[in-house]
Amino acid sequence: MDIGELSYREYLDGDEQGLVRIIRDFRDGLILYLNSIVGNITVAEELCEDTFVRLGVKRPRYSGKAAFKTWLYTIAHNIAIDHLRKVARARTVPLDECGEIAADEAYLEGSCIREETKITVHRTMARLKAEYRQVLWLVYFEEMSVKDAAGVMKKSPHATEMLVHRAKLALKRELESEGFIYEEL
């Protein structure tokens, strides 16, 4: 039983600190993952809050078939997709609001990704297709297995493996086009 699952069980048993521990342990990574889907750090923070509100209010059943983190990220993924559907029917963001969003994103990147190499990789990932960003984020930054990432993205493990391979090649091409050589790709 992992720490997230243990904390969630404690919360369901009446210990409010269980939910506090879940929020503390998963908030930052969840925000960055959601940002890779919606492309807006402020919206990602709101969707992260919605995910934890859903956990706290609806108390969904955790079956234990996947890791707790995978289950939590799947809930967040579904909330983000619902948000994108709503936004597609609504208006777009005015250009004058983009500067504030970019400043928030730069601050979060600077605080979460300290090394210059990681910052370059993160910025380059922003230019990749959304599906590539998501799979790279889940597998490499959140350290999920391909099987768990497949569950979050609702794909087969084989399709996810192929997606990881293509995403790595696309990232490598983007980095090399900037003159950056990243040996680990």
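Scroll up to find the structure this text is about.
Visitor: Before we move on, could you go through the side chain of asparagine 40 and cite the residues and values that matter?
Guide: Here asparagine 40 shows up in the loop between helix H2 (16-38) and helix H3 (41-57). Classification of asparagine 40 as buried rests on a relative accessible area of 11%.

Visitor: Give me the lowdown on helix H8 (residues 146-153), citing residues and values where you can.
Guide: Where H8 is concerned, the buried positions are Ala149, Ala150, Val152 and Met153. Taken down its axis, H8 places every buried residue within 160° of arc, on the same side. Contacts from the buried residues of H8 go to H2, helix H4 (68-89), helix H7 (130-141) and helix H9 (157-177). Lysine 154 occupies a position one or two residues after H8 and carries a positive phi of about 60°.

Visitor: How would you explain the packing of aromatic side chains if you had to name every residue and give the values?
Guide: Taken as a whole and assessed by the stated rule, the structure comprises 8 aromatic pairs. Relative to tyrosine 73, the ring of tyrosine 33 has its centre 5.4 Å away and its plane inclined at 40°; by these criteria the two rings are tilted. Of this pair, tyrosine 33 sits in helix H2 while tyrosine 73 sits in helix H4, and the two are 40 residues apart along the sequence. Overall, tyrosine 73 belongs to the buried group, its relative accessible area being 0%. With 5.4 Å between their ring centres and 45° between their planes, phenylalanine 68 and tryptophan 71 make a pair best called tilted. Of the two residues, phenylalanine 68 and tryptophan 71 are both situated in helix H4; the distance of 3 residues between them amounts to about one turn of the helix. Relative accessible area serves as the criterion here: at 15%, tryptophan 71 is assigned to the buried category. Among the aromatic residues, those joined into a cluster by ring pairs are Tyr8, Phe26, Tyr62, Phe68 and Trp71. The side chain of lysine 129 reaches across the aromatic face of tyrosine 132, ending 4.7 Å from its centre.

Visitor: Quick rundown of the packing of H7 against H9? Include the residues and the values.
Guide: Put simply, H7 and H9 touch, their axes get as near as 9 Å, and they point 105° apart. In terms of orientation, H7 and H9 fall into the roughly perpendicular class. Of the residues in H9, those in contact with Glu131, Tyr132, Val135, Leu136, Val139 and Tyr140 of H7 are Thr160, Leu163, Val164, Arg166, Ala167, Lys168, Ala170 and Leu171. A class-by-class count of the residues in the contact of H7 with H9 yields 10 nonpolar, 1 polar and 3 charged.

The rules we used
Residues numbered from 1 in each chain as written. Predicted model: local features only at pLDDT ≥ 70, side-chain atom pairs only at ≥ 80, totals over all residues. Heavy atoms only, no water. Helix = DSSP H or I, 4+ residues; strand = E, 2+ residues; numbered from the N terminus. Buried < 20%, exposed > 50% of the residue type's maximum accessible area, 1.4 Å probe, protein only. Arc of directions from axis to C-beta. Contact = heavy atoms within 4.5 Å. Phe/Tyr/Trp six-rings, centres within 6.5 Å; stacked < 30°, edge-to-face > 60°. Lys NZ or Arg CZ within 6 Å of the ring centre and 35° of its normal. Axes fitted to C-alpha atoms, helices over the stretch in contact; angles between N-to-C directions. Parallel < 35°, antiparallel > 145°, perpendicular 65-115°, else oblique. Nonpolar A, V, L, I, M, F, W, Y, C, P; charged D, E, K, R; others polar.

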